[in-house]
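# Analysis of the macromolecular model
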Amino acid sequence: MAQNNSDDQIYLNGTDLEELRRALRAIVDLRDRKYGFPSKRYESCFIGSEAVATMIERGLAADEDDAVRLGNVMLQNGIFHHVQRAHLFKNEYLFYRFASDEDHGRLPDEVADGSLVKWSDFLGILSMTAGSYGSLQPSIPDRDPELATLDQIDLEAVGVSPLDEHNAKLLDNVHPKKWIDPEPKPTYNLVVVGAGAGGLVSAAGAAGVGARVAIIESHLLGGDCLNVGCVPSKALLRCAKAAADVRDAGRFGVRIEGDVTVDFGYVMERMRRLRAHISPADSAKRYSDQLGVDLFIGKGVFTGKHTIEVNGKTLTFAKAVIATGGTAAIPNIPGLAEAPYLTNSTIFNLTELPERFGVIGAGPIGLELAQAFQRLGSKVTVFSRTDKILPKEDPESAGIVKESMEKDGVVFCSSAKYKRIEARDGKGPVCVVLDDNGTERSHKFDALLIATGRKPSVFGMGLESAEVEYDAGIGVVVNDRLQTTNPDIYAVGDVASKYQFTHMADFMARLVIKNALFFGRDKVSDLLIPWTTYTDPEVAHVGLYEKDLKERNIDFTTYKRDFADVDRSIVDGATVGYVKIHVAKGKDRILGATIVGRHAGDLISEISVAIQGGIGLGRLAGVIHPYPTTAEAIRQCGDMYNRERLTPPVKGIFHSLMALRR
Ligand SMILES: Cc1cc2nc3c(=O)[nH]c(=O)nc-3n(C[C@H](O)[C@H](O)[C@H](O)COP(=O)(O)OP(=O)(O)OC[C@H]3O[C@@H](n4cnc5c(N)ncnc54)[C@H](O)[C@@H]3O)c2cc1C
């Protein structure tokens, strides 16, 4: 027996399921198959279009529509699924595998007992289909009634999809389906609001030194970095780089026959798999069981100077840390609000590559993703209001990145004057309409990413009751010791800094632990903050820029080594970029450096160590660097510095000495 539980899903009982499974299994061609570049092997699977043809041929379905419908009823009931769980059943060259062939496969009536509900329990139950299938009326399966209701499957609320095994694992770690908050302790040494990089480091560090700590997270532990930021973006960038390297292989005598294609479904599945793999470090289980932190999953709202409410419970604290981060800032362009645009919160849910991909914003996030999507096969256009890209970097570095992206095929549309965004009935495609000297120019896209900066999360969390001052643009107001206007409340990370990096949130949190719990007097202005934009080539920076030095009237000399002159870069065929180091005039003191090149982000740490350790550029020249490495460029800047230090009198003495020794 089968029952239709709602308009768009049908549940079959165990007998029906088994019968259908056997019938389909008997007629489809099950084999190990390969797909994509580099090709991935999928064990024991069948092809959607072949299955449709066979179902019709064997009389299991009347026509194509009927076969697809029947296939989706089976998929919906967990009999089989797309190998990456990224597609419904379609009459297309897509691979599907029977759940019974999976190690972890289970039929939907074998779900957990409800005492410990996992996201993976919903795999195969989640209705991914639309439309009603009257002719196949099933019954509600014999499963835990708690799990049978769709309102439990609040994927929209968690914003993570598709619900495949990887996302189920991620969510089990960072947003457990059935989290039961602990009973609040009488008073906490520290309550942390927000469990992104800043909040997690604050909580772990404080608990590690014996403090009684609670952390409150309204959405996903790990915050932006793990879920919708650094981790997924760098996973995509890696695949994009592989594609670019393969296309470029001819330069190295490696001939590739035919077109280079990218299996976008695989790229996204890899990203989801790796993100899930990393997620235990930020998990609810680790923080509560191993680190002894009281975790509350819900929105934190301050109710007083030392109290905060979450899920109806009041927590009292001696000190608190606000680490609520930020979200994508959406520009005020007519029509945008009604259009189906993407932000960093949604782009990593894509399962299909948009053919035409528009990016509004030319900062690090926009450019990294623009280059990645272009290399993965989209046709990308980047729009910026000004004629600059990477506006925080010096124009020379930004110019190199632009040139490289143009070589990839990215089109830049700078100084764009937006008239409106158009999308029919709020659906794609999306048109960006520009004013081009009085004429309207329309650019059509299958997906549009908004990457025009970030806005701090400061609203609706009772900051007024806590007497914490904030500004909608700059976030929570803090002093140099990261104290807010309530001296017992501190703020860290994106909500309180214009340096919006994970490592900055991390080090702000370390500073706060000292200041809040140990009477420390550390200052945020003392932190040396390097950063990297992970385009190809990368741009990495630490310390002061040339323009800062000029504005501050600091005398300096710049030492620059182009990678075109570095042996390793030459033989690697990666001669784009340079190392540029600014040194105080007359002193061996490094004031700032920029590196543009393939591994700039890794190379910059040597200079950070030197600056922090008070090691001058002249001394770096005396450090043996293995030959041939790109890091030699740094040592070679040191050589230049030392050569310049030889004043004419010193040079004269050396000459005389050499003459004597001949
Ligand atoms: C696409 C992208 C790529 C990036 N790549 C890099 C990179 O390569 N390197 C790098 O260093 N940085 C990168 N960043 C920036 C980095 O992700 C952020 O700097 C970092 O996540 C900031 O951490 P945070 O703890 O301040 O805030 P978040 O990570 O934003 O965490 C804040 C948390 O607070 C929660 N919260 C908000 N309000 C409340 C409330 N009232 N109650 C309870 N919880 C609340 C939120 O749900 C969230 O989980 C990237 C960002 C993006 C978007």
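Summary of the structure given here.

## So, the site of the ligand
Around the ligand, 38 residues are found, and the nearest of them are Gly 198, Glu 217, Lys 234, Asp 494 and Thr 502. Residue Asp 494 places a main-chain N or O atom 2.8 Å away from an oxygen atom belonging to the ligand. One nitrogen or oxygen atom from the main chain of Thr 502 is found 2.9 Å from an oxygen atom belonging to the ligand. Bound to the protein, the ligand loses 91% of the 1000 Å² it would expose on its own. Ranked by residues supplied to the shell around the ligand, first place goes to helix α7 (residues 223-228) with 4 residues. A per-class count over the shell around the ligand returns 14 nonpolar, 18 polar and 6 charged.

## Description of the sheet that holds strand β3 (residues 31-35)
Sheets are built from strands that pair by backbone hydrogen bonding, the pairs being arranged parallel or antiparallel. If you walk across this open sheet you meet the 4 strands as β3-β4-β6-β5, and the pairing is antiparallel. Two strands lie at the open edges of the sheet, namely β3 and β5 (80-82), each paired on one side alone. Taken over all neighbouring pairs, the strand axes of this sheet differ in orientation by 55° on average, direction set aside. Pairing of β3 with strand β4 (residues 40-47) involves 4 bridges; the strand directions are antiparallel. Note on β4: the bridge partner recorded for Arg 33 is Tyr 42.

## Regarding the packing of aromatic side chains
Counted under the stated rule, the structure contains 19 aromatic pairs. Consider the rings of Phe 383 and Phe 445, whose centres lie 5.8 Å apart with planes at 85°: the pair is edge-to-face. Here Phe 383, found in strand β15 (residues 379-383), pairs with Phe 445, found in strand β19 (residues 439-445); they are 62 residues apart in sequence, far enough to count as distant. What makes Phe 445 buried here is its relative accessible area of 3%. Grouping aromatic residues by their ring pairs yields a cluster made of Phe 46, Phe 80, Phe 89, Tyr 96 and Phe 98. Sitting over the ring of Phe 507, Arg 510 keeps its end group 4.5 Å from the ring centre.

## Quick word on the pairing of strand β29 (residues 590-597)
Working note: regular strand, side chains alternate between the two faces of the sheet. Among the 8 residues in β29, 8 count as buried, and that is most of the element. Two elements, strand β26 (residues 538-543) and β29, share 6 bridges in a ladder whose sense is antiparallel. Residue His 541 lies in a different strand from β29, and its bridge partner there is Thr 594. Of the pairings in the sheet, the one linking strand β28 (residues 578-584) to β29 comprises 6 bridges and is antiparallel in character. By the bridge assignment for β29, Ile 581 is matched with Ala 593. What sits between β28 and β29 in their antiparallel hairpin is a turn of 5 residues, with Gly 586 showing a positive phi close to 80°.

## Quick look at the nonpolar core
Val 213, Phe 302, Leu 315 and Ile 322 are the most contacted members of the largest nonpolar core, which totals 66 residues. When residues in this core are grouped by element, the largest group, 7 residues, is from helix α13 (residues 502-517). In contact with Phe 302, not counting residues within four places along its chain, are Val 193, Thr 307, Ile 308, Phe 317, Ala 320, Ile 322, Met 461, Gly 462, Leu 463, Ser 465, Ala 466 and Ile 489. Grouped together as the second largest cluster of nonpolar side chains are 39 residues, Ala 370, Ala 398, Val 410 and Phe 412 included.

## Comments concerning helix α11 (residues 364-376)
In a regular helix each residue adds 1.5 Å, so 13 residues correspond to 18 Å; α11 covers 18 Å between its end C-alpha atoms and thus fits that length. Phi turns positive, to about 125°, at Gly 377, one or two residues after α11.

## A few points about the layout of surface pockets
Computed from the structure, the second largest pocket encloses a volume of approximately 900 Å³. Lining the second largest pocket are 29 residues, and of these Asp 248, Arg 251, Lys 407, Asp 536 and Arg 598 sit closest to its centre. Counting residues per element, the ones that place at least two in the lining of the second largest pocket are α8 (230-247), α11, α12 (395-408) and α15 (567-572). No other element matches α12, which puts 5 residues into the lining of the second largest pocket.

## Let's talk about the pattern of salt bridges
Enumeration according to the criterion identifies 36 salt bridges in this entry. Note that Arg 356 and Asp 446 form a salt bridge whose closest N and O atoms lie 2.7 Å from each other. Of this pair, Arg 356 sits in strand β14 (residues 356-360) while Asp 446 sits in the loop between β19 and β20 (447-450), placing them 90 residues apart in sequence. One network of salt bridges, with partners in common, ties together Asp 394, Glu 396, Glu 546, Lys 550, Lys 560, Asp 562 and Lys 580.

What counts and how
Residues numbered from 1 in each chain as written. Predicted model: local features only at pLDDT ≥ 70, side-chain atom pairs only at ≥ 80, totals over all residues. Heavy atoms only, no water. Near = heavy atom within 4 Å. Polar contact = N/O pair within 3.5 Å; in protein donor to acceptor, adjacent residues only side chain to side chain. Areas by Shrake-Rupley, 256 points an atom, 1.4 Å probe, with all protein chains shown as cover. Helix = DSSP H or I, 4+ residues; strand = E, 2+ residues; numbered from the N terminus. Nonpolar A, V, L, I, M, F, W, Y, C, P; charged D, E, K, R; others polar. Pairing = 2+ DSSP bridges. Axes fitted to C-alpha atoms, helices over the stretch in contact; angles between N-to-C directions. Phe/Tyr/Trp six-rings, centres within 6.5 Å; stacked < 30°, edge-to-face > 60°. Buried < 20%, exposed > 50% of the residue type's maximum accessible area, 1.4 Å probe, protein only. Lys NZ or Arg CZ within 6 Å of the ring centre and 35° of its normal. Core = buried A, V, L, I, M, F, W, Y, C linked by side-chain atoms within 4.5 Å. Contact = heavy atoms within 4.5 Å. Expected span 1.5 Å × (residues − 1). 1 Å grid on protein atoms, 1.4 Å probe; cavity = no way out; pocket = protein on both sides within 12 Å on 5 of 7 lines; lining within 4 Å. Points joined across faces, edges and corners; volume = space filled by probe spheres on them. Salt bridge = Lys/Arg side-chain N within 4 Å of Asp/Glu carboxyl O.

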